[in-house]
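# Close look at the chain arrangement
Letter by letter, the chains look like this.
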Amino acid sequence: MKLRLMMLGAAVAASSAVAAPRGFTVEDLVNLERVGSPALAPDASRVVYTVRSTDMDKNRGHTKLWMVDLRDAKAAPKVFVSHDSSSTDPEWSPKGDAVYFLSSRSGSAQVWRQPVGGGAPVQVTNLPLDVDNFRVSPTGDRIALSMAVFRDCADLACTKQRMDAQAKNKATGRVYDRLFVRHWDTWADGRNAVLFSASLNDKGVVAGEPVSLSGSLDGDVPSKPFGDREEYRFSPDGKTVVFSARIAGKTEAWSTNFDVYAVPAAGGAAPRNLTADNPAWDTKAVFSPDGKMLAYLAMARPGFEADRYQIMLMDVATGQKRKLAADWDRSAGGLQWTVDGKALIVDAEDIGQHRLFSIDVASGKVTGLTDKGAIGGFDVRRDTVAFTQASLNSPAQLYSMKLGSAKPVQLTANNADKLADVRFGDFEQFSFKGANGDTVHGYVMKPWNATPGAKYPIAFLVHGGPQGSFGNGWSYRWNPQVYAGAGYATVFIDFHGSTGYGQKFTDSISGDWGGKPLEDLQKGLAAAVQKFPWLDRERSCALGASYGGYMMNWIEGNWSDGFKCIVNHDGVFDTRGMAYSTEEQWFTDWESGGPYFTVPENHERFNPVHHVNKWKTPMLVIQGDLDFRIPTAQALSTFTALQRKGIESKLLVFPDENHWVLKPANSVLWHHTVIGWLDQHLKR
C-alpha cells in the first residue's frame, strides 16, 4: 500500500534508528490516537474523519475532526474542527461547502455546521434535549435526528420539564410493568429514542420545531444499546425516510423482530412497515441513487441475533423483494450503493479478516476489494471508497481507493511518533482439524523480543460472543500486542461458533457451549504447540471475557489441569441465574433452545456450577458492576466458590464499568492486574 506521507515516514525511520526497541505497553495502548468515521465529500475530493485522543488527567477521550485533500497526493491531513468539547459524527452538506457534526460545546449535544471555506462553526440545532445522532437530507433542506423523549409528551419541552422534575424528586424508586427494566448499563427511565425531522433554512440551520417521525411506534430509533444513524436514511429526493425499529410491547426483551419502516420526511403520516412478512431482524435500509430500489439486511430466524444478514433488494414501487448473492455465505455489515446503482459496497468478516466487498446487483457476483486486516467505517462517493483498516500490528489508519483499482492508498500515519521505538510481536494465522474434523483457524503471536531457540509462556486468549472472532484486527480491550510487549506468546482460536467462516460454523455453538468449542480450544492449543516450537505449553494461562469468561469457568471444571492460571472477566458461572437475570432474553433462549422454564435441562447441560468440585486452578475474577448483560452476582459466585475451596484467587471489581472497561485509568489498572497475575504464575 502506498503511503502518501513520505516525509513523516522518513522522520519515523530516523527516530527508530536511534531509539532502543521496546515492547508495547498498556500505557501505549490507552494513549494511541484512534482514527474513525470517514466521510467523503460529495465530489470525492476530500475526506473528513475523526481522531480520538486520550486525556489521562480527565480520564476520558477527546475527539477532533480532521480533513485530507484527495486531489493533492502530497497533501498532509489537517485539523478541521477542534474545540475543548469533542466533535463527532461528521457528515457533508449536499453541496460540499460545509460539514455537519455533533458537539456539546453549547452545554448539550447539538448539531453544528463548519463551513469548508473557514470561519466559525454555526450551531444548527438549539433544542432543549441532547441530539444523539442525525442525518442531513440529500437535498439539504431537512435534517433527521434522534432524541430520547417521553412519547406521551406533546413537545420536547415537556420531556425536559419532566426530567428536571424527576431530578428534584427526593423519592428515587421506579415502578416497572414490563421488560426491559434495564439494558446493557442503563436502567429504563420511560423515554424512547425517537426519530424526528426538521427543516433547514438556506443557511443550513434548523428552522421550526422538529416533527416526530417514529414517535407513534412503541420502540427505539435507532435501536438500543448500540444502534446509530446507519439504521435510518433519506431517499435521494429527500421526501422519504426509512428506518428500522422493533415494537416493544411486553415481548421486547426476547424479540429480534426489527422491521424497516418508511415515513414522509416532513411527517404527517404514520410509518409504513415494509418488511412485515419477515418476523426476524430487518435493518440498515438504503435507497439506490435513483430511488427505485431499497437494499437492506435481513435475518431469517426470529430470536437469533447472530443469524446471517442476507442482503435484500426491494422494488420501491411494487414492494417486490429478492435476495442478492444468496449463495454468498457471509453476514454483511454496512451497505452503500455505488454512484451508478450497479453495485453495493459491503463489509463482512472472512476467515479471520474483516474485508470490503463489491456485489454486482444484476448478477450477485461478489468481488473482494481488500485482503488482510479489519475494516472499520467506510464511505463511498463517485468512484472512491474511503475506509479505516487495522490489523494485529497496527491501529486503524485511513485509506482511500478507486473502485476498480487493487491499490488502496494510505492517508494517515497516526501514532507513528508514539510507536517509533516499539517493536510489535510477529503473528501468523494457522489452521488445524478441530471438532468433527472441521478446519478451524487461529493465530499465534510471538513476544516482541523473541529470539531463535527460546521458549515463551503462553497467554491463551478466548473470545466472547460467543458468535465473534479474534482475527487480524486491533482491539483496545483484548490486544495480543500488550501481552507480546510483556514477554508473552499469545494463541487465540476461532472455535466452532465463530463468525466469518460460514453460517453453519457459527450456528454450531448453539446448544453446545461446552462441547465443540472446548474441543477446538484443546486441539488448537496442541496444534499450535506442535507447529510453533517457541511456545512453552508448561507455562500457559487462559484468559477470556463474556462467553470467554464462561469458558474460563468451564475450563476450571472440565480442563482443570490445562493451565497454571486463569483470568475470568464478566463470565457466566450459573446458566440458570444468567437465564433469569440477563437483559436480552432472546440470547439465552436461542442458545439453549428456549427459556429456562420450558427446557431447564438444556440450560443445565453445560452449566459450570455443576463442576465446581473439580476446580483447582488459580483464577483472577474481574467484573464491571454496571454490566447488566452478565450481572455482578455471576462474578461474586465465581469468587465465592474459589474462596470456599481454598483456591488461590483475586477479585477485581469496577463500580463504574459495564461489560467492557472503557475509562483509560481503569484500562491501565485492568492490564497491570492481569499481566501481574500472569507474571506471578508463569514467570516465577
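Sequence order as written defines residue numbering, which begins from 1 separately in each chain. Residue-level local features of this predicted model are given only where pLDDT is at least 70; pairs of side-chain atoms are given and counted only at 80 or more, and the full residue set underlies all totals for whole chains, interfaces and linings. Just so you know, side-chain values use all the structure's heavy atoms and leave hydrogens and water out.

### Looking at the sheet that holds strand S34 (residues 456-462)
Between any two strands, at least two bridges found by DSSP are needed for them to pair. Helix and strand definitions follow DSSP, with helices as H or I runs of at least four residues and strands as E runs of at least two, each counted in order from the N terminus. With mixed pairing, eight strands are arranged side by side in an open sheet as S32-S33-S35-S34-S36-S37-S38-S39. Single-partner strands in this sheet number two, and they are strand S32 (427-433) and strand S39 (649-654). Taking the axes of each pair of neighbouring strands and ignoring which way they run, one obtains an average angle of 20° across the sheet. Relative to strand S35 (residues 489-494), S34 runs parallel, the two being bridged by four bridges. Considered in S35, the bridge of Leu461 is made with Phe492. Only heavy atoms matter for contacts: two residues are in contact if any of them lie within 4.5 Å across the pair. Between N-to-C directions, angles cover 0 to 180 degrees, with each direction set by a line fitted to C-alpha atoms, over the stretch in contact for helices. Against the sheet, helix H6 (residues 516-531) touches S32, strand S33 (439-445), S34, S35 and strand S36 (535-545), its axis set at about 120° to S32. The strands touched by helix H12 (residues 664-682) are S34, S36, strand S37 (565-569), strand S38 (619-624) and S39; relative to S39, the strand with the most contacts, the crossing angle is about 175°.

### A look at the packing of aromatic side chains
What counts as a ring pair is set by centres within 6.5 Å for rings of Phe, Tyr and Trp (its six-membered ring), and what kind of pair is set by the plane angle: stacked under 30 degrees, edge-to-face over 60, tilted for all other angles. On inspection of all chains with the given rule, the structure shows 35 aromatic pairs. With centroids separated by 5.0 Å and ring planes inclined at 90°, the aromatic side chains of Trp513 and Tyr547 adopt a geometry described as edge-to-face. Residue Trp513 is located in the loop between helix H5 (503-507) and H6, and its partner Tyr547 is located in helix H7 (residues 547-558); the two are separated by 34 residues in the primary sequence. A single burial state applies to Trp513 and to Tyr547, both of which are buried. Considering the side-chain rings of Trp559 and Phe563, the 4.8 Å spacing of their centres and the 70° angle between planes classify their relative orientation as edge-to-face. Only protein chains enter the calculation, and the probe is 1.4 Å; a residue is then buried if its accessible area is under 20% of its type maximum, exposed if over 50%, and partly exposed in between. Relative accessible area serves as the criterion here: at 9%, Phe563 is assigned to the buried category. Counting every residue linked through ring pairs, the aromatic cluster contains Phe495, Trp513, Tyr547, Tyr550, Trp554, Phe587 and Phe606. A cation sits over an aromatic face here: Arg105 above Trp112, 5.3 Å from the ring centre. Only lysine NZ and arginine CZ atoms are considered, and such an atom sits over a ring when it is within 6 Å of the ring centre and within 35 degrees of the ring normal. We note Arg537 situated over the ring of Phe563; from NZ or CZ to the ring centre the distance is 5.2 Å.

### Considerations on the pattern of salt bridges
One side-chain nitrogen of Lys or Arg within 4 Å of one carboxyl oxygen of Asp or Glu is enough to make a salt bridge. All told, the structure shown has 27 salt bridges when counted by the stated rule. Its salt-bridge partner being Lys321, residue Asp277 comes within 3.6 Å of it at the nearest N-O pair. With Asp277 in the loop between strand S19 (272-273) and strand S20 (282-287) and Lys321 in strand S23 (residues 321-324), this pair connects stretches of sequence that are 44 residues apart. With relative accessibility at 28%, the residue Lys321 sits in the partly exposed group. The salt bridge involving Asp383 is made with Lys402; its shortest N-O contact spans 3.5 Å. Taken together, the residues span a long stretch of sequence, with Asp383 in the loop between strand S28 (374-381) and strand S29 (384-391) and Lys402 in strand S30 (residues 394-402) at a distance of 19 residues. Look at Asp383 and you get partly exposed, because its relative accessible area is 38%. The network of salt bridges with shared partners includes Arg22, Asp28 and Asp421.

### With respect to the side chain of Gln467
Mapped onto the secondary structure, Gln467 falls in the loop between S34 and helix H4 (480-485). For Gln467, the side chain forms a polar contact with the side chain of Glu591, separated by 3.0 Å. Look past the residues within four positions of Gln467 in its chain and what remains in contact with it is Phe304, Ala306, Gly497, Thr499, Thr506, Ile509, Ser510, Phe587 and Glu591. What qualifies as a polar contact is a pair of N or O atoms within 3.5 Å, subject to a donor-acceptor requirement within protein and to the restriction that residues adjacent in sequence count only when both atoms come from side chains.

### Digging into the pairing of strand S2 (residues 34-40)
Of all seven residues making up S2, five are buried, and the element is well covered by its neighbours. Examined bridge by bridge, S2 and strand S3 (residues 46-55) share five bridges and lie antiparallel to one another. Its bridge partner lying in S3, Val35 is registered against Val51. Two successive antiparallel strands, S2 and S3, enclose a turn made up of five residues, where Ala44 displays a positive phi of approximately 60°.

### Structural notes on the state of the cysteines
Disulfides are defined in this document as cysteine sulfur pairs within 2.5 Å. A full pass over the atoms with the stated rule returns two disulfides. Here Cys153 is linked by a disulfide to Cys158, with a sulfur-sulfur distance of 2.0 Å. On the sign convention where negative is left-handed, the bridge of Cys153 and Cys158, at about -55° about the S-S bond, is left-handed. For Cys153, a relative accessible area of 13% puts it in the buried group. Between the sulfur of Cys541 and that of Cys565 lies a disulfide, 2.4 Å long from S to S. Between Cys541 and Cys565, the disulfide has an S-S torsion of -130° and is therefore left-handed. Here Cys541, found in strand S36, pairs with Cys565, found in strand S37; they are 24 residues apart in sequence, far enough to count as distant. Cys565 matches Cys541 in its accessibility class, with the two residues each being buried. Bonded cysteines in the protein chain are paired 1-2, 3-4 when counted in the order they occur along the chain.

Note that all results are geometric; they support no functional claim without further evidence.
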